[in-house]
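Coordinates in review
Spelled out, the chains give:
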Amino acid sequence: MRWMLTGLFLVTCATGLRAQESAWGPRVGVDLAAQSFGDIGANLTDWKFGYLAGLAGDHDFGNRFHLLTEFLYIKKGTRTRDAATRTTGYTTLNYLEADVLGKFDLTGNNEGLFMTLGPTFSYFMGGRVRNVMDGQETTDYKVNGSDLNRRFEVGGAVGIGFDLKSWVLEFRGQTGFTAIDQAGQVRNVVLGAHFTRYFRKG
């Protein structure tokens, strides 16, 4: 966790010094989270709702290229259903996530459509598991950070968005490249709608 924060801080400082212009602001959003089993993106579970919030930086390097540096609190997890027992399970996994993504301006004037692509680095903080049968809660317990076999997750994200001066809307999909279970089969998948308001430039 410490080295992830240090790495993001160093990248942010370096990009801020070399960028022509930098903007900072809060980022919030809603997401749909699921998990894949086996190959990346395969055998997806049902989706569950979550949210994200944090700080985003947009660093303009010119020639339609920006670098985004983000530090987010994001809810991942899954929803499962067992028709035989009429039970629905909800797993919520809370992560701190550092993203370093390239942003490609598709219009050439720093407004309008853009695409994003890059790596994500996540650290599992804890979570919760609930099971509901016929509308009645049967189990509810916390998941500690040490309960996952692999607490640190490396992934990738791709997105498309619209930039209107200081307001930004982006739709982003991401998946873990590293698995969170000991057998190496389970990976987090997230689809999100991100809203950012930038305040400071220079």
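Predicted model only: the values in this text are computed from it and were never measured. (Residues numbered from 1 in each chain as written. Predicted model: local features only at pLDDT ≥ 70, side-chain atom pairs only at ≥ 80, totals over all residues. Heavy atoms only, no water.)

Digging into empty space enclosed by the protein
Applied cut-off: The distinction between a cavity and a pocket rests on a 1 Å grid over the protein atoms alone: a 1.4 Å probe fits inside a cavity but cannot get out, while a pocket stays open yet meets protein on both sides within 12 Å along at least five of seven lines, and a residue with an atom within 4 Å of a point counts as lining. Grid points are joined across faces, edges and corners, and a volume is the space filled by probe spheres set on the points. In this description a helix means any DSSP run of H or I spanning at least four residues, a strand means any run of E spanning at least two, and both kinds are numbered starting from the N terminus.
If you walk through the whole model with that rule in mind, you get one cavity of 30 Å³ or more. A volume near 30 Å³ is recorded for the largest cavity. Taken together, Lys76, Thr120, Glu153, Gly155, Gln174, Thr175, Gly176, Asn188 and Val190 make up the full set of residues lining the largest cavity. Secondary-structure elements contributing two or more residues to the lining of the largest cavity are β7 (152-164), β8 (167-176) and β9 (186-197).

Quick look at the environment of Glu170
Formally: Type-normalised accessible area, obtained with a 1.4 Å probe on protein chains alone, sets the label of each residue: buried when under 20%, exposed when over 50%, and partly exposed for intermediate values. Contact criterion: two residues are considered in contact whenever any of their non-hydrogen atoms come within 4.5 Å of each other.
Of note, Glu170 is situated in strand β8. Take Glu170: its relative accessible area is 0%, and that puts it in the buried class. A C-alpha to C-alpha distance of 6.6 Å links Glu170 and Phe195, two positions 25 residues apart in sequence. Aside from chain neighbours lying at most four places away, what touches Glu170 is Arg27, Phe114, Thr116, Gly159, Ile160, Gly161, Gly192, Ala193 and His194.

Notes on unusual backbone geometry
Phi at Asn63 is positive, roughly 55°, even though this residue is not glycine. Tracing the chain through its elements places Asn63 in the loop between β2 (48-60) and β3 (65-82). Even without being a glycine, Lys165 presents a positive backbone phi close to 55°. Structurally, Lys165 can be placed in the loop between β7 and β8.

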